[in-house]
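Here are the chains, one letter per residue:
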Amino acid sequence: MNRPLLITDCDEVLLHMVTPFEAWLDEAHDIAFAMEQPDFTTALTRRADNSIVETEHIGPLLDRFFTTEMHRQTLVPHAAQALATIAELADIVVLTNLTDEFHGSRVAQLDAVGIRHRVQCNQGGKGQPVAAIVAEYQPTATVFVDDLAQHHSSVARHAPGVFRLHMVAEPRIARHRDAARHAHARIDDWAEALPWIIARFADASPDHA
């Protein structure tokens, strides 16, 4: 018998990423990270001359962080407990925007904090991979959780039958981010999100969210 399905992002949903990334940028590269900025393209500046770090340098910095600094990431409060409760009644897939070379590291990283579910790496929009996962599992209902508004737009376009929860677990960023227009709800704490997710598993359609 098919079960409900939770598809969740990892960074800034299950694990804190921007705070350890900020610390590493400061320590290793003398780069400041302004969390109030809408994205990385305007948020990183060199302390030496206050110049913005060019877009082409941001990807390599992120790759180096995930190659050597994943141990700095910490578990988001209430995330492990919420997933343990959800796992009793639903399947769980962690859909993370990392290249495949980091798959093993991400699995090990989550395992170390007690989160042991399927991990799928992705690049770009999440709508098509979410649609493919839904087609594979054929769940009774699906909830998608992510911190980035563009992924909710992508899922709304490619998998409109999925419930979409916008969650930004880092308070220093959350206060600067509006609720995603294509999400059904915005909840930034897993303890509060848990009853909403469980209620959606009992719904027949996102129109009821």
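Here's a quick rundown of the structure. Small disclaimer: the values here were computed from a predicted structure and weren't measured. (Residues numbered from 1 in each chain as written. Predicted model: local features only at pLDDT ≥ 70, side-chain atom pairs only at ≥ 80, totals over all residues. Heavy atoms only, no water.)

**Focus: helix H4 (residues 79-87)**
Right, on to step 1. Turning to H4, its buried residues number three or more, namely Ala-79, Ala-80, Ala-82, Leu-83 and Ile-86. Looking straight down H4, one finds its buried side chains confined to an arc of 160 degrees; they lie on one side.
Right, on to step 2. In the core, the buried residues of H4 are packed alongside strand S1 (5-8), strand S4 (91-96) and helix H9 (190-201). (Buried < 20%, exposed > 50% of the residue type's maximum accessible area, 1.4 Å probe, protein only. Helix = DSSP H or I, 4+ residues; strand = E, 2+ residues; numbered from the N terminus. Arc of directions from axis to C-beta. Contact = heavy atoms within 4.5 Å.)

**Focus: the layout of surface pockets**
Right, on to step 1. Here the largest pocket defines a volume of roughly 990 Å³.
Right, on to step 2. Along its surface, the largest pocket is lined by 39 residues, and Phe-40, Leu-62, Asp-147, Leu-148 and Gln-150 are the ones closest to its centre.
Right, on to step 3. Contributing elements (two or more residues each) for the lining of the largest pocket: helix H2 (40-43), helix H3 (55-68) and helix H7 (149-158).
Right, on to step 4. Broken down by element, the residue count for the lining of the largest pocket peaks at six residues, all from H3. (1 Å grid on protein atoms, 1.4 Å probe; cavity = no way out; pocket = protein on both sides within 12 Å on 5 of 7 lines; lining within 4 Å. Points joined across faces, edges and corners; volume = space filled by probe spheres on them.)

**Remarks on the state of the cysteines**
Note on terminology: disulfide describes a covalent bond linking the sulfur atoms of two cysteines.
Right, on to step 1. Inspection of every chain in the model, using the stated rule, returns zero disulfides.
Right, on to step 2. With no disulfide of its own, Cys-10 has Cys-121 as its nearest cysteine by sulfur position, at a separation of 9.8 Å.
Right, on to step 3. Judged by its relative accessible area of 0%, Cys-10 falls in the buried class.
Right, on to step 4. For Cys-121, a relative accessible area of 11% puts it in the buried group. (Disulfide = S-S within 2.5 Å.)

**Let's talk about the sheet that holds strand S8 (residues 185-186)**
Right, on to step 1. An order of S5-S4-S1-S6-S7-S8 is seen for the six strands of this open sheet, with the pairing classed as parallel. Pairing within the sheet leaves two strands with one partner each, and these edge strands are strand S5 (118-121) and S8.
Right, on to step 2. With four bridges joining them, strand S6 (residues 142-146) and strand S7 (residues 163-166) adopt parallel strand pairing. From the neighbouring strand, Val-143 faces S7, where its bridge partner is Phe-163.
Right, on to step 3. Contacting S6 and S7, H7 runs over the sheet at an angle of about 175 degrees to S7. (Pairing = 2+ DSSP bridges. Axes fitted to C-alpha atoms, helices over the stretch in contact; angles between N-to-C directions.)

**Section: the pattern of salt bridges**
Right, on to step 1. Scanning the entire structure with this criterion turns up 14 salt bridges.
Right, on to step 2. For Arg-47, the salt bridge identified is with Asp-26, shortest N-O distance 3.0 Å. Taken as a pair, Arg-47 in the loop between strand S3 (44-46) and H3 and Asp-26 in helix H1 (residues 18-29) lie far apart in primary sequence, 21 residues in all.
Right, on to step 3. You can call Asp-26 partly exposed: its relative accessible area is 36%.
Right, on to step 4. Within the structure, one salt-bridge network assembled from shared partners comprises Asp-9, Lys-126 and Asp-146. (Salt bridge = Lys/Arg side-chain N within 4 Å of Asp/Glu carboxyl O.)

**Here we look at the nonpolar core**
Right, on to step 1. In terms of nonpolar packing, the biggest core is built from 32 residues, with Leu-6, Leu-14, Ile-86, Val-145, Leu-165, Trp-190 and Ile-197 touching the most fellow members.
Right, on to step 2. When residues of this core are traced back to their parent elements, those giving at least two are H4, S4, S6, S7 and H9.
Right, on to step 3. If you tally residues by element for this core, the top one is H9, at six residues.
Right, on to step 4. The contact partners of Ile-86, leaving out residues within four places of it in the chain, are Leu-6, Ile-92, Trp-190, Leu-194, Ile-197 and Phe-201.
Right, on to step 5. Listed in part, the 23 residues of the second largest apolar core include Phe-21, Met-35, Ile-58 and Ala-174. (Core = buried A, V, L, I, M, F, W, Y, C linked by side-chain atoms within 4.5 Å.)

**Notes on the packing of aromatic side chains**
Right, on to step 1. Scanning all chains against the criterion turns up six aromatic pairs.
Right, on to step 2. Each ring, one from Phe-65 and one from Phe-66, has its centre 5.4 Å from the other, and the planes form 80 degrees; the classification is edge-to-face.
Right, on to step 3. Through a chain of ring-to-ring contacts, three or more aromatic side chains come together here, namely Phe-21, Trp-24, Phe-33, Phe-65, Phe-66 and Phe-102. (Phe/Tyr/Trp six-rings, centres within 6.5 Å; stacked < 30°, edge-to-face > 60°.)

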